[in-house]
Amino acid sequence: GFPLMELAGRLGKSCKLYGIDPWANANIRANKKIKNYGLSNVEIINSSAEQIPFDDHSIDLIVSNLGINNFENPSLVFKECYRVLKPNGKLVLTTNLNGHWKEFYNIFEATLRQLGKDKIAEQLTAHQEHRGTVHSIIKLFTDNGFKVRRHFEESFDMKFLDGSAFLNHYFVKLGWLESWKNLLPEAETVEIFTALELNLNAYALRSGGLTLTVPMAYMEGEKEKYN
């Protein structure tokens, strides 16, 4: 809830802000933050952006921070955002781009091929494709009634001591580890992850650590007309 709390603090009592998330534990934590920060203009709603619980043309601004990658049908989310936004309302988002942690995925794929698991390597490649490019994200905006007013890209590095530190990091275990394991036959998971960790550690030893690239995009779209 960081962007939500920050916006609420900056805007004060000039408006009402809502945080929408289907993850109950995250909402519990967000509500604790609201209380600790002394905010009176924020409400947390346990729901999904695929079904936004607001009337048509009722919202001025929608902000999504690293959320669009988490939906199987992002076009449906864009349609919902269009529906609830007022004319000339804005949809602003940040998102990871294709190429996220490319160093890790290259080593993961090489490990799978090293073990003779070419079919799983192909599934891993497909798994990465859910992250868009700037062009594909702009197309999501324009296909769903938005004009992109501005956008820009930047990239930063995430650094870890080695592969063991990376695979045991809380953030990695929370957001990624399970999705990688779901690509693998259960009986082969230990073998694959043991080899992957060894290869990541060998790479880190040669390279002075494990540095992973994180390409990002900021997009700002405006609702221009009614469908």
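As the structure is a prediction and not an experimental result, all values here were calculated from the model.

(A) Region of interest: the pattern of salt bridges. A complete count under the given rule lists 14 salt bridges for this structure. Here Lys-86 ties to Asp-60 by a salt bridge, and the two come within 3.3 Å at their closest N and O atoms. With Lys-86 in strand 4 (residues 85-96) and Asp-60 in strand 3 (residues 59-65), this residue pair connects regions lying 26 residues apart in the sequence. Between Arg-149 and Glu-222 there is a salt bridge, with its nearest N and O atoms 3.4 Å apart. Of the two residues, Arg-149 is situated in strand 5 (residues 146-160) and Glu-222 in strand 6 (residues 210-223); the sequence distance between them amounts to 73 residues.

(B) View of the pairing of strand 3. Relative to strand 4, strand 3 is paired through six bridges, and the arrangement is parallel. In the strand pairing of strand 4, Leu-61 is matched with Lys-90. The parallel pair strand 3 and strand 4, bridged by helix 3 (residues 74-84), forms a crossover whose chirality is right-handed.

(C) Up close: helix 4 (residues 102-114). Look at helix 4: 18 Å from first C-alpha to last across 13 residues, which is about the 18 Å you get at 1.5 Å a residue. Buried within helix 4 we find Glu-103, Phe-104, Tyr-105, Ile-107, Phe-108, Thr-111 and Leu-112. In the stretch just after helix 4, Gly-116 is the one whose phi turns positive, near 75 degrees.

(D) Representation of the nonpolar core within the structure. By size, the foremost hydrophobic cluster in this structure holds 27 residues, and its most contacted members are Trp-101, Phe-104, Phe-108, Leu-112, Phe-166 and Trp-180. The contact partners of Phe-104, leaving out residues within four places of it in the chain, are Phe-166, Trp-180, Leu-196, Leu-200 and Leu-212. Of all hydrophobic cores here, the second largest spans 23 residues; its members include Ile-52, Ile-62, Tyr-82 and Ile-137.

(E) Structural view of the sheet that holds strand 5. In spatial order, the strands read 3-4-6-5; together these four strands make up an open sheet with mixed pairing. Each edge of the sheet is formed by a strand with only one pairing partner; in this case those strands are strand 3 and strand 5. Here the strands of the sheet are splayed against their neighbours by 10 degrees on average, with no regard to which way each runs.

(F) Just empty space enclosed by the protein, in detail. Per the counting criterion, the structure on display carries one cavity of 30 Å³ or more. A volume near 40 Å³ is recorded for the largest cavity. Taken together, Leu-97, Asn-98, Gly-99, His-100, Tyr-105, Gln-128 and Arg-131 form the lining of the largest cavity.

(G) Molecular detail of the layout of surface pockets. Of the voids in this model, the second largest pocket is the one considered here, and its volume is about 250 Å³. If you go around the second largest pocket, you meet 14 residues; those closest to its centre are Ile-68, Pro-74, His-130, Arg-131 and Gly-132. With three residues, the single largest contributor to the lining of the second largest pocket is helix 6 (residues 134-143). Tallied by class, residues from the lining of the second largest pocket come to five nonpolar, six polar and three charged.

Cut-offs and rules
Residues numbered from 1 in each chain as written. Predicted model: local features only at pLDDT ≥ 70, side-chain atom pairs only at ≥ 80, totals over all residues. Heavy atoms only, no water. Salt bridge = Lys/Arg side-chain N within 4 Å of Asp/Glu carboxyl O. Helix = DSSP H or I, 4+ residues; strand = E, 2+ residues; numbered from the N terminus. Pairing = 2+ DSSP bridges. Right-handed = clockwise from strand over helix to strand, strands pointing away. Expected span 1.5 Å × (residues − 1). Buried < 20%, exposed > 50% of the residue type's maximum accessible area, 1.4 Å probe, protein only. Core = buried A, V, L, I, M, F, W, Y, C linked by side-chain atoms within 4.5 Å. Contact = heavy atoms within 4.5 Å. Axes fitted to C-alpha atoms, helices over the stretch in contact; angles between N-to-C directions. 1 Å grid on protein atoms, 1.4 Å probe; cavity = no way out; pocket = protein on both sides within 12 Å on 5 of 7 lines; lining within 4 Å. Points joined across faces, edges and corners; volume = space filled by probe spheres on them. Nonpolar A, V, L, I, M, F, W, Y, C, P; charged D, E, K, R; others polar.

Just geometry here; none of it tells us what the structure is for.
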